[in-house]
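# A look at the structure
So the chains spell out like this:
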Number of protein chains: 2
Amino acid sequence: MKIAGIDLFYLRMPAITPSADGTQDTLLVRLRTEEGLEGWGECDASPLVCIAAYCCPMSHGNIINIRESLLGETFDAPGEIRRLHAKVVRNGLDIQQIHHAYSGADIALWDLLGKKRGEPVYRLLGQKQAHAKTPYASVLFQAPPGATFQRACRLREMGFSAAKFGWGPFGKDAEMDEALVRAAREGLGPEAELMVDAGVAWGHDAELAREQAVQLEPFRLTWLEEPFSPEAIGAYAALARSNPRIPLAGGEGCGTVRAAEDYLENAGVSFIQIDAGRIGGITPARRICDLSTARGVTYVNHTYKSRLSLAAALHVFAGAERFRFLEYPLGGSALSRELVTDALDRAPDGLVYVPEGPGLGVNVSADCLRRYAVRTRIELDGGSIYESARA
Amino acid sequence: MKIAGIDLFYLRMPAITPSADGTQDTLLVRLRTEEGLEGWGECDASPLVCIAAYCCPMSHGNIINIRESLLGETFDAPGEIRRLHAKVVRNGLDIQQIHHAYSGADIALWDLLGKKRGEPVYRLLGQKQAHAKTPYASVLFQAPPGATFQRACRLREMGFSAAKFGWGPFGKDAEMDEALVRAAREGLGPEAELMVDAGVAWGHDAELAREQAVQLEPFRLTWLEEPFSPEAIGAYAALARSNPRIPLAGGEGCGTVRAAEDYLENAGVSFIQIDAGRIGGITPARRICDLSTARGVTYVNHTYKSRLSLAAALHVFAGAERFRFLEYPLGGSALSRELVTDALDRAPDGLVYVPEGPGLGVNVSADCLRRYAVRTRIELDGGSIYESARA
């Protein structure tokens, strides 16, 4: 197959707030082949900054944009998708945003290859069989704690056996934190898996985090996520050493393979959370999944976008039976709910089954692309170098 | 001082080639205060992708652009510049390009504070005295080896006691590599410090690099730079263990403080090369300089832009007497040579003295800003969100 076109779709809700809700806008990437096939991917990143990485003028041999690296390329096998990943990253060596931006295109390449071969992506990745995952509802804490309790009760009624609460009012005050986590535990019930996402609350302060972690021990957390700034590997390691009773999770911010390796090798985390929409797509995410297996760390997806991203995330580790948790965003914007429909709902047994259709196994709504489109145009010296694609 | 304006200047040469010459374009950042002072900084990065990080619409609480984070802020002390660095990085947690882009603004803040106080930046950083540095000429290898020999002879005539050759024809063929390094050594003479920049030639292949390094031993390299892809920390560590006779250097690609820490802690390098125009400015570069001191690794600047970047780089480690080498780009584009003139030339003793004037101690040519300007305009839904500044 020859790559004949790359189309970017910047979509957003009419109003954007500074909340931690990552579904308020998005960037979709559509790749078209000469023979007329289409593949889709999504970036969990700033749409405009990513668009710039697709069209920026060459600065020298290490700043060459993604469009230039991909257009006209041919690929017919998984190894070729890996070759293209290496090429794009090499050509964009000095474009810091390259991994965030390329994520959508890499995912679209796997989708295309699967469609061409009539196979689901997980199988192209060498996984013989897909295992259903236990979705954990991923929601935000709400103040006062009573509101978090209500939300947790609702999740229990909905049949979730696992849930993660995070961000929002958490991390500012120890007493409030304790009350919020207690409320979540009481609402979910004693049997449920409860995770807490601290939302980088404690910066680089391992000692403060240790005190908080001790306070949360009675609530038997499956993990404590992102207690620190993503760069604070030393603080992670110190906390892991000082309080091994609460397993740590982190890594969603990893924008390079090395950043994820660094977590695996040096942070002492028990769970590594990789977002295929940030680290450069399915190709590098899969590599981290393999490295995690080798190191005895549990791989989990990080996903807070549409079900297109969820499908991409799922194919990466579908075959790894012992990596059983799946981050499963609940709620989210109308945009994120309408973009892909009728896919990846929970089955009656409460699990999420990996799509067996070709490629990612999900379909993008053309209506949604039109409804939420942000027309984008970039001009240099009076000439256009980028204009939005049409749906 | 209150930040009243942020102006970006995308400049470029009429023709850009895919060579390793990083001076073919640039992005300058000018900050203006309410009281009418101006500070300047430069990014070693893709101008357009950086511009997007200054003006991209908010996506959520972790994707807030630099303009939004800085405009209207006040600062009057070094601690305030550090606070602003932390704020920008926190607000842009999910903008991968944030560090590359913010570099110029951080440098401009230090320039402003120095101008306000009538002090050179190095002193604001707590360094009592500046020590002159030994400039090493930073040039590209040329094929055939005879051309590299000529270039080396010329550097010797110019009085350079240290020179680094890199990129271009190097790293593709072992025999050619040996001939190129031999030519450089013969041209420079036996006493000179000779560094080789392998230009990420050997990817992740520590074994191949080891063979090459053995072959280069007779030429007594001060260091071998970037034998690997910037992400290949494991390969660096393996090479450092297997051939300790050739000191390794790396780190120019570090776009975050953690990436640099990772080099210091895990790569086994003897020299860490930090570009203040990529890692987020003088603030984080200075932190790495302190960490290097603590770990016994030699800090060196990476600079391949105009003398504005060179000045910023120099202030970071001006006070560290034992970090004596200064990367000193030679040649470069007309743009990079005309942007800042009459500054940082070598003194008659061959050394480079740190500017003692206020701020960075250099002046930007307004003519040059006009001559090489790229008019840039970004429109969303028909409205402009960014237009080039005027000089």
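Residues numbered from 1 in each chain as written. Chains lettered and ligands numbered in written order. Predicted model: local features only at pLDDT ≥ 70, side-chain atom pairs only at ≥ 80, totals over all residues.

## Here's the deal with the relation of the copies chain B and chain A
- For the pair chain B and chain A, the best superposition has an RMSD of 0.0 Å and corresponds to a rotation of 180° with a translation of 0.0 Å parallel to the axis. Both copies are brought into coincidence by an operation consistent with a two-fold rotation axis. (Least-squares fit on C-alpha atoms with pLDDT ≥ 70 in both.)

## Observations concerning the domain arrangement of chain A
Residue and element names in this part refer to chain A.
- According to the domain assignment, chain A consists of domain 1 (3–119 + 365–387) and domain 2 (124–339).
- Between domain 1 and domain 2, the residue contacts involve 32 residues of the former and 29 residues of the latter.
- Where the side of domain 1 that touches domain 2 is concerned, the elements lending two or more residues are β3 (38–43), α3 (78–91) and α4 (98–117).
- The biggest single contributor to the side of domain 1 that touches domain 2 is α4, with 9 residues.
- Its residues assigned to classes, the side of domain 1 that touches domain 2 shows 15 nonpolar, 11 polar and 6 charged. (Domains from an automatic or database assignment. Contact = placed C-beta atoms within 7 Å. Helix = DSSP H or I, 4+ residues; strand = E, 2+ residues; numbered from the N terminus. Nonpolar A, V, L, I, M, F, W, Y, C, P; charged D, E, K, R; others polar.)

## Let's talk about the packing of helix α9 (residues 233–242) of chain A against helix α10 (residues 257–267) of chain A
Residues and elements named next belong to chain A.
- With their axes 9 Å apart at the nearest point, α9 and α10 run at an angle of 35° to one another. Relative to α10, the crossing made by α9 is right-handed. Residues I233, Y236 and A237 of α9 form the contact with α10, whose participating residues are D262, N266 and A267.
- Of the residues belonging to the contact of α9 with α10, the class tally is 4 nonpolar, 1 polar and 1 charged. (Axes fitted to C-alpha atoms, helices over the stretch in contact; angles between N-to-C directions. Left-handed = near helix turned anticlockwise from the far one by under 90°.)

## Examining the interface of chain B and chain A
- Between chain B and chain A, the residue contacts involve 46 residues of the former and 46 residues of the latter.
- Breaking the side of chain B that touches chain A down by element, the ones donating at least two residues are α1 (47–55), α4 (98–117), α10 (257–267) and β12 (376–380) of chain B.
- When residues of the side of chain B that touches chain A are assigned to their parent elements, the largest contribution, 5 residues, is made by β12(B).
- Taken together, the residues of the side of chain B that touches chain A break down into 20 nonpolar, 16 polar and 10 charged.
- In the sheet, strand β12 (residues 376–380) of chain A pairs with β12(B) via 5 bridges, with the strands oriented antiparallel. Paired with E379(A) across the strands is R377(B), a residue of β12(B). (Pairing = 2+ DSSP bridges.)

## Here we look at the sheet that holds strand β2 (residues 25–33) of chain B
Residues and elements named next belong to chain B.
- The 3 strands are arranged β1-β2-β3 in an open sheet whose pairing can be described as antiparallel. Each edge of the open sheet is held by one strand with a lone partner, namely β1 (3–12) and β3 (38–43). Direction aside, neighbouring strands of the sheet carry axes that sit 20° apart on average.
- Note that β2 and β3 share 6 bridges and pair antiparallel. Residue R30 lies in a different strand from β3, and its bridge partner there is W40.
- Contacting β1, β2 and β3, α4 crosses the sheet at an angle of about 150° to β3.

## Thoughts on helix α3 (residues 78–91) of chain B
- Taking 1.5 Å per residue as the helical rise, α3(B) with its 14 residues ought to reach 20 Å, and the 20 Å between its terminal C-alpha atoms agrees with that figure.
- Among the structural elements, α2 (66–70), α4 and α11 (282–295) of chain B are those in contact with the buried residues of α3(B). (Expected span 1.5 Å × (residues − 1).)

## Focus: unusual backbone geometry
- The residue after A143(A), namely P144(A), is reached through a cis peptide bond having omega -5°.
- Here P144(A) shows up in the loop between β4 (134–140) and α6 (145–157).
- The backbone of V200(B) sits at a positive phi, close to 50°, despite the residue not being glycine.
- One non-glycine residue, D381(B), adopts positive backbone phi at about 50°.
- One can find D381(B) in the loop between β12 and β13 (383–387).

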